[in-house]
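Survey of secondary and tertiary structure
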Amino acid sequence: MGQCLITILIHNRPVPLVPSSPRLFRIRPSTSRAAAGTVWVCTLLVALRPAAAQPTAPTRDSAARLPGLSIIGTPDERDRIPGGAQVIDRATLERSRVFTTNEALRKVSGIMVRDEEGLGLRPNIGIRGLNPTRSTKTLLLEDGIPVTIATYGDNAAYYHPPVGRMERIEVLKGAGSILHGPQTVGGVINYITPGLPTQSGGTTRFTGGNNGFLNGYARAEAVNGNTGAVLDIGRFQADGPRENIGSEVTDASLKLFVPISASQQLIAKANVYREASQVTYSGLTEGEWTANPFQNPFRNDFFTIERVGGTLAHELTRGAQRLTTTVYGHDITRPWWRQSSNSTQRPNDRSDPACGGLQNLESGCGNEGRIRRYQVLGAESRYTRPLLLPRVAGTLEAGARVHREEQDRQQLNGASHVSRTAGPAANRNAGLVEDNRRTTDALAGWVQARVGTERFTVTPGLRIEHIDITRTNRLPSASAPDGAFGETSLTELIPGIGATVNATSTLTVFAGAHRGFSPPRNEDIISNTTGGVVELEPERSWNYEAGVRWAPRPLWSIDVTAFRLDFENQVIPASLAGGTGAALTSAGRTLHQGLELDLRGDLRPIGRLTPFLQLAGTWVPVARFASDRFAYIGTGGSDVVGKVYAGQNSGNTRTRLDVSNNRLPYAPEFFTTATLGVRHRSGADLSIEAVHMGEQFGDAANTRVLVSDGQQGALPSNTLWNVAVNVPVRSIGVTAFGTVKNVFDELVIVDRTRGLLPNMPRLVQLGVERRF
């Protein structure tokens, strides 16, 4: 059926490896933003059937039909969901040639994604005005299974699956999200990998561009009856928007479909992922930004993450009954060696007389290694069956999950700028300064019934989460010579109810309400020094939404949704201006209200051309503190004049400012992605996309006063333009494509949390793809 061998030989710039860490490298040693000096040797050896004999690529809707993979399902099933439910299909992903996950998610209303290193490797996803930092308020799934490093105990997106191997992306908001906990405050994003192939074949794709970008990808599919396999292998590397920032990522995934009988099958998936990045955690000060917004003083900061994960799912079907049981797990190691964690650290070893400041960064200054390991193992079962009720139809879904997480966390302070071990105790600031073990054991159960007639359905549901949390500080201290240990537990009931009305054959009205819940992190609820329980409640809210789904004509869909998120207690960073950011605090009541619009469809054909339109618009007029809340403004002395602080100082010299009813940080009022394109009957297409982001504030005081560290003030509104074109070349059986991201090369402030960060400059990428 055709075989494909891809060999990519890469010789990077001639840069010496760090002797103490041969697995790390310097991607951009020079201060130039150009990718000069890179030598690429790429050989693609493809042994395929003749192009003329190639069949049309099959439609892969099987992923949507496989229970346990999809959380939305088929279009008919989507119409019965009493809440916001959007799908980014394969055609949209291919047509727009998205560079990052961030680009893809911006095509759905309600989702605001904040860039960081420019490559979308650690997306910051906020839904409906929620704080996007590390995507902690969003539940991320792959094929219906939690995919973040520690979904219960540390739901931070330091790992994120590459968008290039996904068939579609589902976004679920509203009452239906209680089937997929533990986070139910914002929404659920589910990345779906390929389902059982309809025929053997595969895809090869190669893309290159400026900023050192190179991406090689291959997919092989084999099928024999109901037995099949899908192998994905991808590797890309690119430089970030700043000097001395770049990444190399390798990702491989194997998925097997094995029928046991006519009513049973096994689906096994294994994945290996490795990222090696030269990247700092720190943003820029105002002075550094003014001098050069693309600079990065910390060229010796390195981040690596290695993940080995897998799932094994068993599916049993008996008539209309279905039982799916999935065992899943992963092992992640994540060291991050850096000389600065935010723009107030210039560098973090400055208090050592041998260091003193940036002038000795590579001679007398040490570094900090944040060493992490996450081990996760879990199992969940989902059972679906019809409900036999008089004169009404119904479906019952119930399930349970058992889940365990273990975190080992150390901070090793090194003696030099390239250290990969702890420095001697005699060296000031060096040594082992953190040694924690944290565990989370969770039991969850849920049930949801959908009952009604052909035109009207009501969907009540209930989820219960029980979570046991421990934290062990293995470092001795004067008050705790044997270290400290603490434990606590919590149990939460999460109800929800929704309804849908099929007003006409093309119009569905829906409404719903549910309890929002997000568990606290281990480190925020248990004291590291005493083991005592900190009075930090879980995040709780009542979420409401109502809307319509309308298909006014074939190939058109219009979704309008109004929402209200009423938080009893939203947890935000303790430092309102960001920066230190490790500790969290209860912000009390907050309120989010707004409107979402998703529109897509084909316009009237013009000869051989068919124009098309896609719009994802979000308006959040209300995203504010809804109870008494205060910030404190520095007036001098040891404080920075005008800087926003979280609390009062010991001298009681800071000016207290009432920020009640102020807008929440990083909650723009408007954000929109609009695409206008045209398709030719030959299969070629052209898309022009505008991405607008409204003004945001970097702090709770909503101040426009700038201070030296760059961590507070406004983030101005901006609009960026992207272009994508795809041209099938049938004579040789390939599709050629090209994109331009940030067409007008605009400079934008994307973040102030740890200092100022810029967006990616203009990117031009060209590629070819072949299916066989």
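As shown above, the structure is provided for reference.
Figured I'd write up the structure that's included with this text. (Residues numbered from 1 in each chain as written. Predicted model: local features only at pLDDT ≥ 70, side-chain atom pairs only at ≥ 80, totals over all residues. Heavy atoms only, no water.)

Quick look at the sheet that holds strand β30 (residues 644–645)
Here 3 strands make up an open sheet; going across it, the order is β30-β29-β31 and the pairing antiparallel. Of all strands in the sheet, those with a lone pairing partner are β30 and β31 (655–658), marking the two edges. Across 4 bridges, strand β29 (residues 630–633) lies against β31 in antiparallel orientation. Following the sheet pairing, Ile-633 is matched in β31 by Thr-655. (Pairing = 2+ DSSP bridges. Helix = DSSP H or I, 4+ residues; strand = E, 2+ residues; numbered from the N terminus.)

Regarding the state of the cysteines
Counted under the stated rule, the structure contains 1 disulfide. Note on cysteine connectivity: Cys-355 is disulfide-linked to Cys-365, with sulfurs 1.9 Å apart. In this structure the cystine formed by Cys-355 and Cys-365 twists about its S-S bond by roughly 80°; its chirality is therefore right-handed. Here Cys-355 is found in the loop between β16 (321–338) and β17 (367–386), whereas its partner Cys-365 is found in the loop between β16 and β17, with 10 residues between them in sequence. Residue Cys-355 shares its accessibility class with Cys-365, and that shared class is buried. (Disulfide = S-S within 2.5 Å. Buried < 20%, exposed > 50% of the residue type's maximum accessible area, 1.4 Å probe, protein only.)

Focus: the pattern of salt bridges
In total, this model carries 60 salt bridges according to the counting rule given. Ionic pairing is found between Arg-474 and Asp-408, a salt bridge with its closest N-O pair at 2.9 Å. Taken together, the positions of Arg-474 in the loop between β20 (456–473) and β21 (484–502) and Asp-408 in strand β18 (residues 393–414) put the pair 66 residues apart, joining distant regions of the chain. The class for Asp-408 is partly exposed, based on a relative accessible area of 25%. Between Arg-654 and Asp-639 there is a salt bridge whose closest N-O contact spans 2.7 Å. Here the residue Arg-654 occupies a position in the loop between β30 and β31, and Asp-639 occupies one in the loop between β29 and β30, the gap between them amounting to 15 residues. Judged by its relative accessible area of 15%, Arg-654 is buried. (Salt bridge = Lys/Arg side-chain N within 4 Å of Asp/Glu carboxyl O.)

Quick look at the nonpolar core
Within the largest apolar cluster, 42 residues are counted, with the highest numbers of intra-cluster contacts made by Leu-105, Ile-111, Ile-125, Ile-169, Ile-189 and Tyr-191. Only α4 (101–105), β4 (111–114), β5 (124–127), β8 (168–172), β9 (187–192), β12 (227–239), β15 (302–318) and β16 provide two or more residues apiece to this core. For Ile-169, the residues in contact, after removing those within four places along its chain, are Gln-86, Val-87, Ile-88, Leu-93, Ala-104, Leu-105, Val-163, Ile-189, Asn-190 and Tyr-191. (Core = buried A, V, L, I, M, F, W, Y, C linked by side-chain atoms within 4.5 Å. Contact = heavy atoms within 4.5 Å.)

Remarks on the packing of aromatic side chains
Per the stated rule, a full pass over the model turns up 6 aromatic pairs. With centroids separated by 5.3 Å and ring planes inclined at 75°, the aromatic side chains of Phe-99 and Phe-213 adopt a geometry described as edge-to-face. Highlighted residues: Phe-99 in the loop between α3 (90–96) and α4 and Phe-213 in strand β11 (residues 213–224), separated in sequence by 114 residues. When sorted by exposure, Phe-99 lands in the same class as Phe-213, which is buried. Measuring from ring centre to ring centre gives 4.9 Å for Tyr-281 and Trp-336, while their planes differ by 80°; the resulting arrangement is edge-to-face. Linking Tyr-281 in the loop between β14 (264–278) and α5 (286–291) with Trp-336 in strand β16, this pair joins segments that are 55 residues apart in sequence. The exposure class of Trp-336 is buried, given its relative accessible area of 0%. Taken together, the ring pairs connect Phe-99, Phe-213 and Phe-236 into an aromatic cluster. The side chain of Arg-656 reaches across the aromatic face of Phe-630, ending 3.8 Å from its centre. (Phe/Tyr/Trp six-rings, centres within 6.5 Å; stacked < 30°, edge-to-face > 60°. Lys NZ or Arg CZ within 6 Å of the ring centre and 35° of its normal.)

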